[in-house]
Structure formats: structure tokens, C-alpha cells
Amino acid sequence: MSTIEVVGAQVDTRHFINGNRVASAETFLDTSPIDGTVLGEIARGGQTEVNLAVAAAKAAFPAWAGLGPQGRGVLLHKLADLVEENLETLAQLETFDNGSLLRSHRRGVMPRVALNIRFFADWAMNELKHEVFETRGHSNNISWDPSGVAALITPWNAPLMLATWKIGPALAAGDTVVLKPAEWTPLSASFFADLTKQAGIPDGVFNVVQGFGKEAGAALVAHPDIARISFTGSVPTAKTIARAAADNLTPCSFELGGKSPCIVFEDADLDLAAELAVEQYDNAGQVCLSGTRILVHEAVADEFAARFRERAAKLKQGDPRDPETDIGPQIHQVHFDRIKGFVDRAVAGGANIVMGGEPNSELGGLFFRPTLVKDPQPGSEIVTAEIFGPVLCMQTFKTDDEAVAMANGTEFGLAAVVVSGNRQHAEQITKQLVAGTIWVNCFFVRDLRAPFGGSKKSGVGREGGTWSFDFYADVKNTVVSPNGWKE
Ligand code: ADP
């Protein structure tokens, strides 16, 4: 089987290598988390397909690099146009495949996919420059040169959004790409590959190898012809990839997990705090940035909890295609069981369930009720491990020092949410937090010009704006002497 029909769109489930569709001897099944429907058989790639894709990307590199930012920009804008023209199909396809809200895909996620491509194309053309400076009359001329083949490994929680967050800058920088999408959500990348062809992006510049992490992913990151590895996923997988990359000294950019704090101070607007805390259930909690540890000043804890419950009671769980739905299913049975395991063990360890705490028995399937746990054992896994589900954990603090110590007290440092009504207070706290992104009285405001990444075990490196090009490109300084010229 090579093509399946999903929401009226034809999706080729083979690899996309050198502009052609390539089958594998073996396939794996892709199912929808909404109701378990089998969507199709997907080509299961490994070393052979990775070798083909990397060879194609390597061969396509000189001409793509030679096009320059302007030449590439024209084609990348055409690609972004095609994403916009196919926005409804992409939104529906992604919802079927990963169970995230159709409403969000339509309004925010797919427009962002187009913007990821447009923004970095424009940045390469207009913003990527450095002031020339002189050293004893010698000029320093800094440029961002294409570096080669970029291997991109992406997760399932926001498949095309996170893939294009890498594809956009990699292609704009003049690199060619081999993408390995997550095995639970292979479809949007495959459909997107057809759009690159329609946009006129030359064969071999963009390739997709489908398959499992331990097969296709492992072969890709160990390949000696890879110039860059950009990975978004879990900490253990990042360690495996770093070991594989070490043999070739391939530079890696890692965007990993989080266990971010959402800190509610005594001086906070408690309605805003409750609203922001409830937002942490976004995408059924399957967001690396989620502030899943709700740290509340003890003086306002009861009032905050009451307002949180009132606000959370309005959340509607159900079919992600329904525009009224706020929380859809989890991605996969394996992941669902993992989430349930965390909650069951926390309860067995003495934690109390304020809300939820169990599968949604009315809906069945992969629907887990939005959950708030309180009074966890200090240092237990429910307060330190990334659950990646609709499970928030509430703890109280007495002083600012205690809040900061608790906030910084995990191995992660991806993000933090601070809710305070006092600017000076908020500023004093944010200075002490260790995190790649801090949101003050807000959540999820992300500008592509800003650096994005994690501190501690939440990541290595930053992407966004020029930071993306610092990674995907070879940054070069050409020092030109005032002497030796004959003209
Ligand atoms: P998750 O984000 O689901 O917790 P992973 O970090 O394992 O899990 O997966 C993120 C991506 O990394 C997926 O595309 C997966 O296939 C890929 N992957 C998993 N293991 C490896 C590996 N050993 N080498 C390269 N890629 C991998």
C-alpha cells in the first residue's frame, strides 16, 4: 500500500527521497488516537533508506547552497503559500494523526507552520548580517555559510509545527534536509513533502525517511555525512543521539523536556493565575513547555485552588474535531498507560487528587481527565519527572526564597510562568530562575525572533532568529588586510 486517503487528501506513506517516493520492504501501522482507527501502513525505513536520503541531500547541497538567500527565499515563500492553500487539509490530517484540537490547528498551528518557513527565509535575506569591524586596519567580515546536510528528528506532540521550526531555518541557511518524523505521527510530514515538490524545491533538498527511532533515527544521526543534528524529544533519546554524534563530532541542537513551574505569588491577580494554570492543560498536557508544577503562596492557596477548580470545570473533553472541545485524547495507549502510572503511584504515595486523577470512563479510549494533584511527597517523581499529560501538581511555599528553590529544584530548565501583581517583585524573581523562557503574567507568547531552548537537562543550544543560523550555518569570519593590494 503506498497511498491512503485521509480527510479527502491523498497521503503517500512511502519515504520521500530525491523527489521520489521510495517504498520499504516492511511497514508499520499508524492509528488515530481519536478512536483507534487504523489510518494506514507506513514505510519502515532503516539504514538503506537513510543512506539513500543522505546521499541525495549531499548531492543536492552545492546547488541549493549556491542559490543564495534570495534564490532560496523565492522557493520557500512559494512553499509557505502552498501550506496556506492546504491549511484545512493539513489541520484535519494532523488532528486525525495526533489527536490535537482541530480548532488550534486551524487558528494557530498551521498558520505558524507557514510562518516558520516565511520568517526564516526573510531573516536570511534581510536580517542575517553583522557589522564589519576593524582590527588595526583589517576588516572582519562575518558570514553565515551553508553547512551541509541537516538531520532533523521530531516528536509527535506538534508534528509539522516542530518540524518546520527546524526545516525553515535549515533550508533558509542553505542546508539540505533529511527529516525523520515521529513514528506515531508520520502523515503531515509526508503530505508536506509533496508541497515542497510543488513549490519547485529541487529534488534532494528535502527528504523524509519514515520509521522508528531505533532504526531510521539511529541510522540517520550516526551517518558520517550529516553536518547538523537538530532533535526535539526526550532526555534519554538525546543522550543516545549525542553518543552517536560524538563519533563524527556532529554538532547537535537539543530541545528536550521540562517540568516547568507556574509560580503564583501572594500579590497575584488570582483570576489571571487560575486562567494561566488551566492553560497548562493545553494539547492534553502534551507540551514540553507546560508549567505543570503549580507553586502557590500558602496565604492564597485555598482561594487559588477554588478559582482554578471553577475555571477548570468549564473545560470540555471530547473529540478534538469538535470546535467546543478543549481537551482531546492522549497520543497513544503506551503513553496513556504511562500517565496513569504516574498518577496511581502518586496516590499510593499519599498525594491527594483535587480534580480528575483517572481515565474519562464516559469517553473511554485515550481520554484522561484533566488532573490536579496536591500534597505530593517532596522529591517524588510526580514533582520531578516530565509526565507529558494533563496532570498538574500543586505545592505551596511561604517565602520567595523557598519559591525560587522549588522552581529551580528539578533537572529541567525549559520554561517558567510567574504570576505577580508587582513589577519589581516579578523582576527580582525572574532574575533568579533558571529557564530558557520565562513568561510573566502570560503563557505561550512565542516570537520567532526570540531565542528558544532549555537550560540544564532541557536542552543544548538555542534556536530562533539569528540563533537558528548560528546553528545550521557555518559562521565564518573573513579578515581582510589593508596591505598587499595591486589595484
Ligand atoms: P518522546 O518524545 O516520544 O518521549 P523520543 O524522544 O524517543 O520520545 O522521540 C522523539 C523522536 O526521536 C522520534 O522521532 C523518535 O523516533 C526519535 N528517536 C527515538 N529514538 C531514537 C534514536 N535512538 N536515534 C534517533 N532518533 C530517535
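Since the structure is predicted, the reported quantities are computational estimates derived from the model, not experimental observations.

## Brief notes about the overall build of the protein chain
Inference 1: When you go through the protein chain residue by residue, the secondary structure sums to 14 helices and 24 strands.
Inference 2: Radius of gyration (C-alpha) of the protein chain: 23 Å, near the 23 Å computed for a compact globule of 487 residues.
Inference 3: Projected onto its principal axes, the C-alpha coordinates of the protein chain cover approximately 80 × 65 × 40 Å.
Inference 4: Considering the protein chain as a whole, with its 487 residues, one finds that 56% of them fall into the buried category.
Inference 5: Here the contacts in the protein chain between residues at least 6 apart in sequence split such that 72% fall between residues at least 24 apart.
Inference 6: Just so you have it, the protein chain exposes about 19500 Å², and 51% of that area is on carbon and sulfur atoms.
Inference 7: Between the mean site of the 43 positive side-chain charges and the mean site of the 58 negative ones, the protein chain shows a separation of 3 Å.

## Here's the deal with the state of the cysteines
Inference 1: Under the counting rule described, the total for this entry stands at zero disulfides.
Inference 2: No disulfide involves C252; its nearest neighbouring cysteine sulfur is the one of C288, lying 18 Å away.

## Description of unusual backbone geometry
Inference 1: We note that L249 has phi near 50°; this positive angle belongs to a residue other than glycine.
Inference 2: Residue placement: L249 occurs in the loop between α7 (235-246) and β13 (252-255).
Inference 3: Judged by its relative accessible area of 73%, L249 is exposed.
Inference 4: Not every positive phi belongs to a glycine, and A284 is a case in point at roughly 55°.
Inference 5: Structurally, A284 can be placed in the loop between α8 (270-279) and β15 (293-297).

## Comments concerning the site of the ligand
Inference 1: Neighbouring the ligand are 17 residues, the closest being T154, W156, K180, E183 and S234.
Inference 2: Here an oxygen atom of the ligand and a side-chain polar atom of T237 are 2.8 Å apart.
Inference 3: When the ligand sits alone it has 550 Å² of accessible area, and the protein chains cover 80% of it.
Inference 4: The class makeup of the residues in the shell around the ligand is seven nonpolar, eight polar and two charged.

## Quick look at the nonpolar core
Inference 1: Core analysis: the biggest nonpolar cluster contains 103 residues, and L179, F206, Y281, F304, F308 and F469 have the highest contact counts within it.
Inference 2: Among the elements that line this core, the one with the most residues is helix α3 (residues 102-127), at 10 residues.
Inference 3: Once you skip the residues sitting within four places of it in the chain, F304 turns out to touch V264, L270, A273, A274, A277, I294, V296 and M394.

What counts, and at which threshold
- Residues numbered from 1 in each chain as written.
- Predicted model: local features only at pLDDT ≥ 70, side-chain atom pairs only at ≥ 80, totals over all residues.
- Heavy atoms only, no water.
- Helix = DSSP H or I, 4+ residues; strand = E, 2+ residues; numbered from the N terminus.
- Rg over C-alpha atoms; globule rule 2.2 N^0.38 Å.
- Buried < 20%, exposed > 50% of the residue type's maximum accessible area, 1.4 Å probe, protein only.
- Contact = heavy atoms within 4.5 Å.
- Areas by Shrake-Rupley, 256 points an atom, 1.4 Å probe, with all protein chains shown as cover.
- Lys, Arg positive; Asp, Glu negative; His and termini not counted.
- Charge placed at Lys NZ, Arg CZ, Asp CG, Glu CD.
- Disulfide = S-S within 2.5 Å.
- Near = heavy atom within 4 Å.
- Polar contact = N/O pair within 3.5 Å; in protein donor to acceptor, adjacent residues only side chain to side chain.
- Nonpolar A, V, L, I, M, F, W, Y, C, P; charged D, E, K, R; others polar.
- Core = buried A, V, L, I, M, F, W, Y, C linked by side-chain atoms within 4.5 Å.

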